[in-house]
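# Residue-level structure breakdown
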Amino acid sequence: EAMPQTSVVFSSILGPNCNRQVQPGMGERGGGASNGSRDLIFQDGRLTSGSLEALMEHLVPTVDYYPDRTYIFTFLLSSRVFMPPHDLLARVGQICLEQRQQLEAGSEKAKLKSFSTKIVQLLKEWTEAFPYDFQDEKAMAELKAIAHRVTQCDEENGTVKKAIAQMIQSLLLSLAARSQLQELREKLRSPVVDKGPILKAKPPAAQKDILGVCSDPLVLAQQLTHIELERVNSIRPEDLMQIISHMDSLDNHRCRGDMTKTFSLEAYDNWFNCLSMLVATEVCRVVKKKHRTRMLEFFIDVARECFNIGNFNSMMAIISGMNLSPVARLKKTWSKVKTAKFDVLEHHMDPSSNFCNYRTALQGAAQRSQTANSSREKIVIPVFNLFVKDIYFLHKIHTNHLPSGHVNFKKFWEISRQIHEFMTWTQVECPFEKDKKIQSYLLTAPIYSEEALFIASFESEGPENHMEKDSWKALRTTLLNRA
């Protein structure tokens, strides 16, 4: 059976749960916290649930309290399931104003300055972790409104004002970079699809193929890793959370997640499919069986090197390409391939028991990354499709709210933990030297359409049974009529 492309419906059984708990290290709120702050439930020092209002209040600092950074990340990430960021910012602004008024009533300037500094720090962490939240004009307006309020207490030296100015400048640079990346992704969005001649998909024997560009499996695996890290690095935590927000927006109207599919997720999903189709194209368009055999063995070696590096996404894409029907049906070619190494790869990616073998390998790579002394050992690129399905399924099997009406924050701790771990992996700098010639070929080489793949496949090895003969006949008729 062919390995799935990443556009498959999200549904899988969640893998073994990680028993490691995220310890938020919460302190007690003070200095004017409302009664809503008491509406939080802790178990063994870990926040497990609370009303949405109480969770929002727990986010906002006071004179004597600053929220744990793990909590800030988790709540800001998960809050978008319940409300858009600009609404949360508006509520944070209201809470800040209430606390500021209480401090002003007590004529405590020192405490007011301390409170303002903490609010700026919270906003700084927000803009750094989730800059894309502020692309929305409403959110930017709320941010500036809060900044204006906290600077009113600033003294002549203007330390709070300077901190806010630096924060806004950094935010605008982040948004500008994101915008440029989107424009670039839009230009590179659609791969070149080569439909091939009407009934002759084979290219001239002298035409360049991947082996003419790079014959070393390790080097190609390294260049694939370069491309993977460049593309996955553009994915933000909030992009991943849209998987949940989007589903909730469809299931019930009170959850207004951003319905826009992000460029980064779309581009990364597209890359997997393009790599799979490129592998199939490189194999099917080869004229001679001996060369096709060598091509298959080469890609098997490339996939194995990807596995050794920790680049599981490219490995899965290559295996998927070799399992596509036009390639898998080439029995005469496969009979000449030394398949022992391919069998090992397929064992690692065996879908039984919820990809248990793959998850074991991924866990080993993650442990290696944590104790790594070099960048080469830090690389972990999971199969993105499986990661997304795990997040989706984790959300699906646990409710957002408990029977008490509280937000099921225990669920969001786990989602946040998995997304944070993924984001840590994406920040690794690729240690391999970049080869522009090889990367250019991987990213721009024409890819056969599904029809062209089947034409090339049937030209290599004719149909063997009635079903294939009927398919070949129907395909020829369709193409001739179209011509």
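Residues numbered from 1 in each chain as written. Predicted model: local features only at pLDDT ≥ 70, side-chain atom pairs only at ≥ 80, totals over all residues. Heavy atoms only, no water.

### Some details on the overall build of the protein
From N to C terminus, the protein includes 22 helices and 5 strands. Residue burial in the protein is summarised as follows: out of 483 residues, 53% are buried. Look at the contacts in the protein between residues 6 or more apart in sequence, and 79% of them connect residues 24 or more apart. (Helix = DSSP H or I, 4+ residues; strand = E, 2+ residues; numbered from the N terminus. Buried < 20%, exposed > 50% of the residue type's maximum accessible area, 1.4 Å probe, protein only. Contact = heavy atoms within 4.5 Å.)

### What to know about the packing of helix α11 (residues 289-309) against helix α15 (residues 340-348)
Each pair of packed helices gets described by two things: the angle between the helix axes and the distance between those axes. Interhelical geometry of α11 versus α15 gives an angle of 45° and a closest axis separation of 10 Å. Relative to α15, the element α11 lies oblique. Every pair of crossing elements has a handedness; the one defined by α11 and α15 is left-handed. Side by side, α11 and α15 meet where Ile300, Asp301, Ala303, Arg304 and Phe307 of the first sit next to Lys341, Phe342, Leu345 and His348 of the second. Grouping the constituent residues of the contact of α11 with α15 by class yields 5 nonpolar, 1 polar and 3 charged. (Axes fitted to C-alpha atoms, helices over the stretch in contact; angles between N-to-C directions. Parallel < 35°, antiparallel > 145°, perpendicular 65-115°, else oblique. Left-handed = near helix turned anticlockwise from the far one by under 90°. Nonpolar A, V, L, I, M, F, W, Y, C, P; charged D, E, K, R; others polar.)

### Considerations on the sheet that holds strand β1 (residues 40-43)
Pairing is antiparallel across the open sheet formed by 3 strands, whose spatial order is β1-β2-β4. Because the sheet does not close on itself, it has two edges, and the strands there are β1 and β4 (407-408). One ladder, built from 2 bridges, connects strand β2 (residues 46-50) with β4; its direction is antiparallel. Looking across to β4, one finds that Ser49 is bridged to Asn408. Its contacts with the sheet place helix α1 (residues 52-59) against β1, β2 and β4, and it is angled at close to 75° to β1. (Pairing = 2+ DSSP bridges.)

### Some words on the confidence of the model for the protein
On average, residues of the protein carry a pLDDT of 84, and 82% of them reach 70 or more. Under a pLDDT of 50 for its full length, residues 1-28 has, in the predicted model, 68 contacts with residues more than four places off or in other chains. Across residues 252-260, where pLDDT falls below 50, the model places 17 contacts with residues more than four positions away in sequence or in other chains. (pLDDT = per-residue confidence, 0-100.)

### Let's talk about the pattern of salt bridges
The final tally for this structure, using the stated rule, is 13 salt bridges. One salt bridge in this structure joins Glu230 and Lys434, with 3.0 Å as the shortest N-O distance. Here the residue Glu230 occupies a position in helix α8 (residues 217-232), and Lys434 occupies one in the loop between α19 (409-426) and α20 (436-444), the gap between them amounting to 204 residues. On the accessibility criterion, Glu230 (42% relative accessible area) is partly exposed. Linking Arg329 and Glu468 is a salt bridge whose minimum nitrogen-to-oxygen distance equals 3.0 Å. Note that Arg329 is positioned in the loop between α13 (325-328) and α14 (331-334) and Glu468 in helix α22 (residues 466-482), a separation of 139 residues in sequence. The exposure classification of Arg329 matches that of Glu468, with both residues buried. Each of Glu53, Arg91 and Glu98 takes part in one network of salt bridges that share partners. (Salt bridge = Lys/Arg side-chain N within 4 Å of Asp/Glu carboxyl O.)

### Thoughts on the nonpolar core
Among the nonpolar cores identified, the biggest contains 134 residues, and Leu220, Phe299 and Ile318 are the most heavily contacted of them. No other element matches the 12 residues that helix α10 (residues 263-284) contributes to this core. For Ile318, the residues in contact, after removing those within four places along its chain, are Leu224, Leu275, Val279, Phe299, Val302, Ala303 and Cys306. (Core = buried A, V, L, I, M, F, W, Y, C linked by side-chain atoms within 4.5 Å.)

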